[in-house]
Amino acid sequence: MICHNCCVEVVVAIITGVLTLSGTVVTVIAGNRKTSHNIEINQAVTNEKITELTGKTPREIYNQQGAAAFMQAEEEACSKIIEEFKNQKIVISTGGGICDNAPALELLSQFGTFIFLKTPEEVSANRIINKAEQLSDGTWKNLPAYISNQNPKSEKEVRQIFHTFYVARVEIYSKIADKTIKLKSDSKENNLKLIMENL
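Residues numbered from 1 in each chain as written. Predicted model: local features only at pLDDT ≥ 70, side-chain atom pairs only at ≥ 80, totals over all residues. Heavy atoms only, no water.

### Some details on the overall build of the protein chain
Here is step 1: Helix and strand counts for the protein chain stand at 9 helices and 7 strands.
Here is step 2: When each of the 199 residues of the protein chain is scored for burial, the buried share is 46%.
Here is step 3: Roughly 10200 Å² of accessible area belongs to the protein chain as shown, and the carbon and sulfur atoms make up 48% of that amount. (Helix = DSSP H or I, 4+ residues; strand = E, 2+ residues; numbered from the N terminus. Buried < 20%, exposed > 50% of the residue type's maximum accessible area, 1.4 Å probe, protein only. Areas by Shrake-Rupley, 256 points an atom, 1.4 Å probe, with all protein chains shown as cover.)

### Points about the packing of helix α2 (residues 46-54) against helix α4 (residues 67-84)
Here is step 1: Interhelical geometry of α2 versus α4 gives an angle of 100° and a closest axis separation of 8 Å. Judged by the angle between their axes, α2 and α4 are roughly perpendicular. Of the residues in α4, those touching α2 at T46, K49, I50, L53 and T54 are F70, A73, E74, E76, A77, C78, K80, I81 and E84. (Axes fitted to C-alpha atoms, helices over the stretch in contact; angles between N-to-C directions. Parallel < 35°, antiparallel > 145°, perpendicular 65-115°, else oblique. Contact = heavy atoms within 4.5 Å.)

### Section: the packing of aromatic side chains
Here is step 1: This model, assessed by the stated rule, comprises 4 aromatic pairs.
Here is step 2: Seen in terms of ring centroids, F116 and Y173 are 5.1 Å apart; in terms of plane orientation they differ by 55°. Their pairing is tilted. Here F116 is found in strand β4 (residues 112-118), whereas its partner Y173 is found in helix α8 (residues 155-176), with 57 residues between them in sequence.
Here is step 3: Exposure remark for Y173: the relative accessible area of 1% places this residue in the buried category.
Here is step 4: Centre to centre, the rings of F162 and Y166 are 5.7 Å apart; their planes meet at 45°, and the pair counts as tilted. Here F162 pairs with Y166, and both are found in helix α8, just 4 residues apart, close to one helical turn. Summarising the burial analysis for this pair, F162 and Y166 share the class buried. (Phe/Tyr/Trp six-rings, centres within 6.5 Å; stacked < 30°, edge-to-face > 60°.)

### Considerations on α4
Here is step 1: Here α4 contains 18 residues, and its C-alpha end-to-end distance of 26 Å stays within 8% of the 26 Å for a straight helix at 1.5 Å per residue.
Here is step 2: Those residues of α4 that sit buried are F70, A73, E74, A77, C78, I81 and I82. (Expected span 1.5 Å × (residues − 1).)

### Structural notes on the pattern of salt bridges
Here is step 1: Counting across every chain of the model gives 5 salt bridges.
Here is step 2: Across the pair E52 and K49 runs a salt bridge, and its minimum N-O distance is 3.2 Å. Of this pair, E52 and K49 both sit in helix α2, separated by 3 residues, roughly a single helical turn.
Here is step 3: With a shortest N-O distance of 2.9 Å, E84 and K49 are connected by a salt bridge. (Salt bridge = Lys/Arg side-chain N within 4 Å of Asp/Glu carboxyl O.)

### Observations concerning the nonpolar core
Here is step 1: Counting 16 residues, the largest nonpolar core has F116, I128, W140, L143, I147, V158 and F162 as its most contacted members.
Here is step 2: At the level of secondary structure, the elements contributing two or more residues to this core comprise α6 (121-131) and α8.
Here is step 3: It is α8 that contributes the most residues to this core, 6 residues altogether. (Core = buried A, V, L, I, M, F, W, Y, C linked by side-chain atoms within 4.5 Å.)

What follows is the structure, given as structure tokens:
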């Protein structure tokens, strides 16, 4: 439920980031401008704001300039979103790595509620595998940095690395979140309905 005393509702997206879960949240908001409690809401995605402000994707910043530069860009994106939507209801869909950015978390926590959208591990792992490509030399393209940096040689290794990361992240997200919505291995439409019923 959206807190009536908060001007921002913050959605913490799990692990797979803006192209999957955050995109789902945006679809929910774009398709239904009011929650089940009939509260008018807006939407924003931190990773999209980063690209708007810097001209680079979050992954490009991270790979070219390092983690510190990315976290700075993420914090600035959060600040800009809050400034743009001051005194309005909004769902902010973040990238999964927001949990490593203490200044950004502190900024967002002053304005709203963190909701953890918990995706089943197999669903998240499959999304990563489906977007990745293993080249003829055994290397991988389009894997998240936390996986590619460990140089996996097979899909099995990718899934093993992801499992370790998933378990650790779920623990962190569960501590940060004010509320957890457990998504199902179900259609996007049914999960959208589940999210909307819980906002």
